[in-house]
Amino acid sequence: MRKKRHFTSFQIISLGFLIVILTGSFLLMLPISTNGPGGASFWDSLFTATSAVCVTGLVLHDTAQYWSYFGQFVIITLIQIGGMGVVTVSIAIAMLSGRKIGLMQRSTMCEAISAHHVGGIVRMTGFILKTTMMIEVTGAAVMFPVFCRDFGVLKGLWYSLFHSISAFCNAGFDLLGVRQEFSSLTTYADNPVINLTIMALIVIGGIGFLTWDDIKTHKLHIKKYRMQSKVILTVTSLLILLPALYFYFVEFSADKWSDMSLSERILGSFFQSVTPRTAGFNTVDLTALSEAGVFIMIILMITGGSPGSTAGGIKTTTIAVLFSSALAVFKRKGETNCFHRRISENTVNHAATILLMYLVLFLSGGIAISCIEGIPILDCLFETASAIGTVGLTLGITTELSLISRFILIVLMFWGRVGGLTLVFAAISSRHLDVSKFPMEKITVG
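This report concerns the structure included in the present document. Residue positions are given per chain, counted from 1 along the sequence in the order it is written. Whole-chain, interface and lining totals are the exception, using all residues; otherwise, since this is a predicted model, local features are given only for residues with pLDDT of at least 70 and side-chain atom pairs are given and counted only at 80 or more. For side-chain calculations, the full set of non-hydrogen atoms in the structure is used, while hydrogens and water are omitted.

This next bit is on the overall build of the protein. Helix and strand assignments follow DSSP, with helices taken as H or I runs no shorter than four residues and strands as E runs no shorter than two, numbered in order from the N terminus. When helices and strands are tallied, the protein shows 18 helices and two strands. Counting all 446 residues of the protein, 56% fall into the buried class. Two residues form a contact once any of their heavy atoms are found within 4.5 Å. Restricting the contact set of the protein to residue pairs at least 6 apart, pairs at least 24 apart contribute 72%. Surface accessibility follows the Shrake-Rupley procedure with a 1.4 Å probe radius. Residue values consider only the protein chains on display as shielding. For the protein, the computed accessible surface area is about 19600 Å², with 67% contributed by carbon and sulfur atoms. The rule is simple: take the accessible area with a 1.4 Å probe, protein chains only, and divide by the maximum for that residue type; under 20% is buried, over 50% is exposed, in between is partly exposed.

A few words on unusual backbone geometry. Thr 278 follows Arg 277 through a cis peptide bond whose omega is -5°. Locating Thr 278 in the fold gives a position in the loop between helix H12 (262–274) and helix H13 (291–303). Of note in the backbone geometry, Ser 184 takes a positive phi value of approximately 50° without being a glycine. Summarising the element assignment, Ser 184 is placed in the loop between helix H8 (153–168) and helix H9 (192–206). Owing to a relative accessible area of 5%, Ser 184 belongs among the buried residues under this scheme. Even without being glycine, Lys 315 reaches a positive phi, approximately 90°. Relative accessible area serves as the criterion here: at 9%, Lys 315 is assigned to the buried category.

Further remarks concern the packing of aromatic side chains. Ring pairs are drawn from Phe, Tyr and Trp, using the six-membered ring of Trp, whenever the two centres fall within 6.5 Å, and their geometry is named by plane angle: stacked under 30 degrees, edge-to-face over 60, tilted for the rest. Under the defined criterion, the tally for this structure stands at 14 aromatic pairs. Between the aromatic rings of Phe 147 and Phe 151, the centroid separation amounts to 6.2 Å while the plane-to-plane angle is 40°, which identifies the pairing as tilted. Taken together, the positions of Phe 147 and Phe 151, both in helix H7 (residues 121–151) and four residues apart, correspond to about one turn of that helix. Phe 151 shares its class with Phe 147; the two are buried. By the ring-pair criterion, three or more aromatic residues cluster together here, those being Phe 147, Phe 151, Tyr 159 and Tyr 188.

Salt-bridge detection follows one rule: a side-chain nitrogen of Lys or Arg within 4 Å of a carboxyl oxygen of Asp or Glu. As enumerated under the stated definition, the model contains five salt bridges in all. A salt bridge links Arg 149 to Asp 150; the shortest N-O distance between them is 2.9 Å. Of the residues examined, Arg 149 reaches a relative accessible area of 59% and is grouped as exposed. Exposure remark for Asp 150: the relative accessible area of 27% places this residue in the partly exposed category. For the salt bridge of Asp 150 with Arg 179, the shortest nitrogen-to-oxygen distance reads 3.4 Å. Taken together, the residues span a long stretch of sequence, with Asp 150 in helix H7 and Arg 179 in the loop between H8 and H9 at a distance of 29 residues. You can call Arg 179 partly exposed: its relative accessible area is 41%.

A separate point is helix H16 (residues 377–388). Helix span is expected to be 1.5 Å times the residue number reduced by one. The terminal C-alpha atoms of H16 lie 16 Å apart, and with twelve residues this matches the ideal 16 Å at 1.5 Å per residue to within 8%. A large share of H16 lies buried, amounting to nine of its twelve residues. Restricting attention to buried positions, one finds in H16 the residues Cys 380, Leu 381, Phe 382, Glu 383, Thr 384, Ala 385, Ser 386, Ala 387 and Ile 388. Packing partners of the buried residues in H16 comprise H13, helix H15 (345–373) and helix H17 (403–418). Two residues or fewer after H16 comes Thr 390, characterised by a positive phi angle close to 50°.

A pair of cysteine sulfur atoms is labelled a disulfide when the two atoms are within 2.5 Å. Going through the model one piece at a time under the given rule, you end up with zero disulfides. Of all cysteine sulfurs in the structure, the one in Cys 371 sits closest to Cys 380, which takes part in no disulfide; the separation is 8.7 Å. Overall, Cys 380 belongs to the buried group, its relative accessible area being 0%.

Position of Gln 72 among the secondary structure elements: in helix H4 (residues 69–84). Dropping the residues within four chain positions of it, Gln 72 is found in contact with Thr 63, Ala 64, Trp 67, Trp 158, Phe 162 and Leu 175.

This part is about the packing of helix H11 (residues 227–251) against helix H14 (residues 316–330). Angle between the axes and distance between the axes: these two values describe a pair of packed helices. Running from amino to carboxyl end, H11 crosses H14 at an angle of 95°, the nearest separation of the two axes being 9 Å. With respect to H14, the axis of H11 lies roughly perpendicular. Note on element contacts: H14 touches H11 through Thr 316, Thr 317 and Ala 320, opposite Gln 228, Val 231, Ile 232, Val 235, Thr 236 and Leu 239. Of the residues belonging to the contact of H11 with H14, the class tally is five nonpolar, four polar and no charged. For helices, the fitted line uses only the C-alpha atoms of the stretch in contact; every axis is such a line through C-alpha atoms, and the angle between N-to-C directions lies from 0 to 180 degrees. Our angle categories are set so that under 35 degrees counts as roughly parallel, over 145 as roughly antiparallel, 65 to 115 as roughly perpendicular, and the remainder as oblique. Ten residues, namely Ala, Val, Leu, Ile, Met, Phe, Trp, Tyr, Cys and Pro, are considered nonpolar, four, namely Asp, Glu, Lys and Arg, are considered charged, and the remaining ones, Gly among them, are considered polar.

So this is what it looks like as structure tokens:
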């Protein structure tokens, strides 16, 4: 008798994302979704839907000029689902409809937000929904006076809500192409309200749901936080401050940026430090950056945000584990420690595997696109880092790529959002591997 097949949590998450992407593609193909006649092609719709659900932000057409209000609504809905997670949204719908949440759904949700225990996962889902709504509405309210002044009440309200959701979900889609195509936030480079609000939303969305829970429960008593939350906040702070110092003192001190005011230079330095992890907005012309500046942004894009967040990348905890492991080797210690807690060997191996996967895919994709298109390798690596890190920044080559290169980016975006090990575990699910067998010592990577 044939053995009944049991789907793993990883397969369920992957399938959920795929279904949402295909549904979004169908909706974006409808003539009502575009401003021009005829509607979008399947491949353009698939690319856009993948970019939205995977909260990336790479686009083939300017969102404001090409897509109608209906198309924009579909895109922001896909962003919200992708940012919160397909599993989170499905469980939220089940909760609202009064259905009982089974053990399988709880286990899948646990994996989706990188929680350590199934217990209390339904309460956590409710907390995620309420907090997400509160933060996005607050962000929209703060930006509304600026957009209302520039675009009127109704359009200003729509722009505020759209950009708040896009920033919080680390998506990078914008509607400011109405002024200049593909301009992103460059027209607001000196506006502190827009800059600070967008940056705050990106950071809050990128630190992860479990870190929010720690902040809510323990307030400023950081010693009581989970080890993972301590690592996330420490690494996130360093990854904001250090690149910002580079951009301020090195990149934006060059003669070609001499027209920047002091406030614009400070805001620009911090914004370009925050946005590569992993939002996709920009307030300066990225093609004017030096090769060193471009390379630093590539590193930030590959790093990404934190586990269980709206961000992508290899995650801040993965970097922390690898650095802690290297430090232990330099000090000739037998164990890897972080914040006086031991990190298991399996966790270190897990982190090294994730890093290797991302580097192989990022480099292979960049080399392939460079060979296919005849474009400089640094530009292609920037594009593939942006795709697999689910960032959305570009040096302007996305719209020039052929179909096969766009498909490479689609695969990288999907991989980057669902997670490298998700697909690996799905591929070897016949072995019925249980992720709980890999001790994480209170820290999750990937």
